[in-house]
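Single-letter residue listing:
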Amino acid sequence: ELKVEQNPLFLSMQEGKNYTIYCNYSTTSDRLYWYRQDPGKSLESLFVLLSNGAVKQEGRLMASLDTKARLSTLHITAAVHDLSATYFCAGYGNKLVFGAGTILRVKS
Amino acid sequence: DTAVSQTPKYLVTQMGNDKSIKCEQNLGHDTMYWYKQDSKKFLKIMFSYNNKELIINETVPNRFSPKSPDKAHLNLHINSLELGDSAVYFCASSLTSGGAIDTQYFGPGTRLTVL
């Protein structure tokens, strides 16, 4: 059964700094998703990564996928306060399986 | 226009009561889902329906019964509510049940509190 692990689970960073969230998954996953959740809000789809070496970028966020290492990363460049949220990765076998989420706090 | 909507947004009720949560999507998607997000923010799928047919039924107490009157609606009925049912319940939909880039779109969530 697919298991998805994220680390770190909590990340406090200064504005302007770079950091990476890691997402490991246990078995073959057809694709890998990244979602964002603001406090008390719904989940917003950020990226879907379909194949080995896939890289997607939107603003200060860049996601990549290494299917051989069963690893996806979400890289944050020059963080700003508006990026504060919980970020989830999710793998897909026959259903979406979420990681525990990474709570990101960007301090001014 | 809201793509995936849920009602109610908040639900506070006593143990032992029966309650329902409604979900509607106007995206023309074939597949709908129910997820439970617990107090630690962990998200887990409960059910999935494709074109009104149940396709995923995770290990969920049979007090939980989904119903899909048509492919745009998926409701969740919960009998004999227990304290442990307190959580946020999210409805989601996707175009198909496993297409190549089948992103799931989530509703706003229903925060259920059982007293």
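In what follows, the structure referred to is the one given above.
Note that the coordinates shown come from a computational prediction; the quantities given were computed from them, not determined experimentally.

Engineer: I would appreciate a short explanation of the sheet that holds strand β8 (residues 73–78) of chain B in the present structure.
Structural biologist: Paired through backbone hydrogen bonds, the strands of a sheet run either parallel or antiparallel to each other. All names here are of chain B. Read across the open sheet, the four strands follow the order β1-β3-β8-β7; overall the sheet is antiparallel. What marks the edges here is a single partner per strand, and that holds for β1 (4–7) and β7 (64–70). Neighbour-to-neighbour, the strand axes of this sheet turn through a mean angle of 20°, independent of strand direction. Across four bridges, the pairing between β1 and strand β3 (residues 19–25) is antiparallel. Of the residues in β3, the one forming a bridge with Ser5 is Glu24.

Engineer: Please clarify how the layout of surface pockets should be interpreted in this entry.
Structural biologist: Estimated volume of the largest pocket: approximately 280 Å³. In terms of lining, the largest pocket is formed by 18 residues, of which the most central are A:Gly40, B:Gln37, B:Val88, B:Phe90 and B:Arg111. Elements with a minimum of two residues in the lining of the largest pocket: β9 (87–94) and β11 (110–114) of chain B. Within the lining of the largest pocket, the residues separate by chemical class into six nonpolar, seven polar and five charged.

Engineer: Can you help me understand the sheet that holds strand β7 (residues 61–66) of chain A in this one?
Structural biologist: Residues and elements named next belong to chain A. Taken in spatial order, the five strands line up as β1-β3-β8-β7-β6 in an open sheet, and their pairing is antiparallel. Two strands close off the open sheet at either side, each with one partner strand: β1 (4–7) and β6 (55–58). Shown here is a sheet whose adjacent strand axes are inclined to one another by a mean of 15°, direction ignored. Looking at chain direction, β1 and strand β3 (residues 19–25) are connected through four bridges and run antiparallel.

Engineer: Got a minute to help me understand the interface of chain B and chain A in this structure?
Structural biologist: Think of interface size as the accessible area that goes away when the parts come together; that is how it is often given. Each partner contributes to the interface: chain B provides 21 residues, whereas chain A provides 20 residues. Interface area for chain B against chain A, summed over the two sides, is near 1,600 Å², with a carbon-plus-sulfur share of 55%. Its largest share of buried area at the contact with chain A, chain B owes to B:Lys41, B:Leu43 and B:Phe106, together 29% of the area lost on that side. Where chain B meets chain A, there are one salt bridge. Where chain B meets chain A, there are five residue pairs in polar contact (both at pLDDT 80 or more). For the side of chain B that touches chain A, the secondary-structure elements that each account for two or more residues are β4 (31–37) and β5 (43–50) of chain B. Grouping the amino acids of the side of chain B that touches chain A by side-chain chemistry returns 10 nonpolar, seven polar and four charged.

Calculation notes
Residues numbered from 1 in each chain as written. Chains lettered and ligands numbered in written order. Predicted model: local features only at pLDDT ≥ 70, side-chain atom pairs only at ≥ 80, totals over all residues. Heavy atoms only, no water. Pairing = 2+ DSSP bridges. Helix = DSSP H or I, 4+ residues; strand = E, 2+ residues; numbered from the N terminus. Axes fitted to C-alpha atoms, helices over the stretch in contact; angles between N-to-C directions. 1 Å grid on protein atoms, 1.4 Å probe; cavity = no way out; pocket = protein on both sides within 12 Å on 5 of 7 lines; lining within 4 Å. Points joined across faces, edges and corners; volume = space filled by probe spheres on them. Nonpolar A, V, L, I, M, F, W, Y, C, P; charged D, E, K, R; others polar. Contact = heavy atoms within 4.5 Å. Buried area = accessible area lost by both parts, 1.4 Å probe. Salt bridge = Lys/Arg side-chain N within 4 Å of Asp/Glu carboxyl O. Polar contact = N/O pair within 3.5 Å; in protein donor to acceptor, adjacent residues only side chain to side chain.

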